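Observations on the three-dimensional arrangement
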Amino acid sequence: MRYYDHIIDTVGNTPLVKLNSVNKGIKGTILVKVEYLNPGNSMKDRIGLKMIEDAEKAGILKPGGTVIEGTSGNTGMGLALTAIAKGYKCIFTVSDKQSQEKIDILRALGAEVIVCPTNVSPEDPRSYYSVAKRKNEEIENSFYPNQYDNKSNQQAHYETTAPEIWRDTEGKVTHYVAGVGTGGSMCGTSRYLKEQNPDIVTVGVDSYGSIFKKLKETGIFDEKEVYPYLTEGIGEDILPENVNMDLIDHFVKVTDKDSAIMTRRLAREEGLFVGWSCGSAVFGALEYAKENLKEDDVMVIILPDHGTRYLGKIYNDNWMKDHGFLEREFATAGDIIQSKNGQSKLLVIDEDMKVGEAVKMMNKEGISQLPVSDKKKEHIVGSLIDSRTLSKLIDNPSLKDMPVKDVMDSPFTFVAMNNTVDVLSSLINKDNPALLVRDEKQDVHIITQQDLLMALAK
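Everything in this summary refers to the structure shown in the same document. Worth saying up front: this structure is predicted, and the values here are computed from it rather than measured.

Scoring rules and cut-offs
The residue numbering used here restarts from 1 in each chain and proceeds along that chain's sequence as written. Thresholds applied to this predicted model are a pLDDT of at least 70 for local features of residues and 80 or more for the giving and counting of side-chain atom pairs; totals over whole chains, interfaces and linings are not thresholded and use all residues. Values reported for side chains reflect all heavy atoms of the structure, with hydrogen atoms and water molecules removed beforehand. Put simply, DSSP H or I for four residues or longer makes a helix, DSSP E for two residues or longer makes a strand, and each gets a number counted from the N terminus. In this scheme, a residue with accessible area under 20% of its type's maximum is buried, one over 50% is exposed, and one in between is partly exposed, where area comes from a 1.4 Å probe on protein chains only. Throughout, a residue-residue contact means that at least one pair of heavy atoms, one from each residue, lies within 4.5 Å. Here the Shrake-Rupley method, with its probe set to 1.4 Å, supplies the accessible areas, and only the displayed protein chains count as covering residues. The term polar contact refers here to a pair of N or O atoms within 3.5 Å; inside protein, the definition further demands a hydrogen-donor-capable atom paired with an acceptor-capable atom, and it admits residues adjacent in sequence only when both atoms are side-chain atoms. Each salt bridge in this description consists of a side-chain nitrogen of Lys or Arg and a carboxyl oxygen of Asp or Glu lying within 4 Å of one another. The nonpolar core is taken to be a set of buried Ala, Val, Leu, Ile, Met, Phe, Trp, Tyr and Cys residues, with the residues joined through side-chain atoms within 4.5 Å.

The secondary structure content of the protein amounts to 15 helices and 16 strands. Here the protein, with 458 residues, has 53% of them falling under the buried criterion. Summarising the internal contacts of the protein: among those between residues at least 6 apart in sequence, 68% fall at separations of at least 24. Element-wise, carbon and sulfur atoms account for 49% of the exposed surface of the protein, whose accessible area totals about 21,400 Å².

Looking now at the side chain of S210. Looking at where S210 falls in the secondary structure, it is placed in the loop between β8 (201–207) and α7 (212–218). Within the structure, S210 has its side chain in polar contact with the side chain of D206 (distance 2.6 Å).

Attention shifts here to the pattern of salt bridges. Counted by the stated rule, this structure contains 21 salt bridges. For E138, the salt bridge identified is with R134, shortest N-O distance 4.0 Å. Placement of the pair is E138 and R134 together in helix α4 (residues 128–138), with a separation of 4 residues, close to one helical turn. Since its relative accessible area comes to 37%, R134 is described here as partly exposed. Among the salt bridges present, the one from K405 reaches D352, with a minimum N-O distance of 3.2 Å. Within this pair, whereas K405 is found in the loop between α13 (386–395) and β14 (413–415), its partner D352 is found in the loop between β11 (349–350) and α12 (355–365), the two being separated by 53 residues in sequence. For K405, a relative accessible area of 38% corresponds to the partly exposed category. Assessed through its relative accessible area of 30%, D352 is described here as partly exposed. Here the salt bridges do not stand alone but share partners, grouping K33, E35, R46 and E164 into one network.

On to unusual backbone geometry, then. One can expect most non-glycine residues to show negative phi and most peptide bonds to be in trans. Despite not being glycine, N13 has its phi angle at roughly 55°, a positive value. We note that E170 has phi near 55°; this positive angle belongs to a residue other than glycine. Position of E170 relative to the elements: it lies in the loop between α5 (151–168) and β7 (175–179).

Let's shift gears to the nonpolar core. Judged by nonpolar contacts, the single largest core of 30 residues is most densely connected at L19, I30, L272, V282, M299 and I301. At the level of secondary structure, the elements contributing two or more residues to this core comprise β2 (29–34), β8, β9 (250–254), α8 (256–270), α9 (276–292) and β10 (298–303). Ranked by the residues each element gives to this core, the list is headed by α9, at 8 residues. Apart from residues lying up to four places away in sequence, I301 is in contact with L19, I30, L31, V32, K33, V177, A281, V282 and A285.

Any functional reading would require information that these geometric values do not contain.
Here it is, written out as structure tokens:
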């Protein structure tokens, strides 16, 4: 029989998954490390286990003790799972910006949860930092892990997350990207990877309203940079001891809105039902990759947690609308056809038509591309594009008397009526300058780049 003695024995060894959609047009191989496949659905399971076991070894935490921590939710879950396995009680303080789902999950695991105000300074006695410290002082045989300054946080990723990435990429990783909150996953992983290969580039993702990016670039802790933001799990208004700026080569800042929209895209386009800070990490990584990644590069992005923590927020359309985050509602292919009042019906040429005649027709109709059908006009078999045809005629003027099928290019791509403009625009390029769509009557229409521009301008 093959089984584990306890659920905490399943922590770690999460897979790398290749991105295929949200990174279109960006060079290199972009992989995400799917940490929601840990038993508590987040990478914080790793540090919860490590911090408690290290506290036991040091004699700080004794049988029957209480674990007290300030958490954005996920660290509490990791600590709670380990506490259940080892027989400890748990008290967690959280800020009131955390999702209700996180609070409910912690309580479901038997923890006491104290909700504290967000918009107070860390030193304020009401802050979730201060309340956790005070509870630790008041309760005998209690352990305050303090993930922000506890080096076991960083060490957990040094010992597990980073070696897994190095092993699974066969040492080919060139870039590592993570959101920076406590600094554990960013700096613990970076430290190990840079020991294996000092040329690996590490990129930290920060929120607007957080101190990290400016601190890295100027060395100044600017309190004016600190203001409320909604994204959970990344950014700070303090400098945790686990954040080592020497291990972070670059920072990218990401807005709440861009993070939320990318999170929803990861679910819809990649099948990755992830949490809010995962969208931050991917958006920031792709912004960096657009200008810096080369074809042979391998970028690994850590995705910290699962989407179930955010069902009432970013996966709720009403919440997204209330915060002005809902993605733009683009027109569809069907809308474009309807707006053209029948003018998008297809002009098709036969594959046996002479090239010279086809060019004259294009000139007369004022169009730059034509679909080509077979002799029976049953199937679209190719396309004729003015710029390419011109190049071919310059090289060989006698082609004007040849049939179109001898010079035609591949047929234009067919798309669905409900495809939106943002999707359609990603399919139009120099190799495919137009799209075809069949309506309910099976009539074929053409959509050009100009049509998309007109739809976006409305």
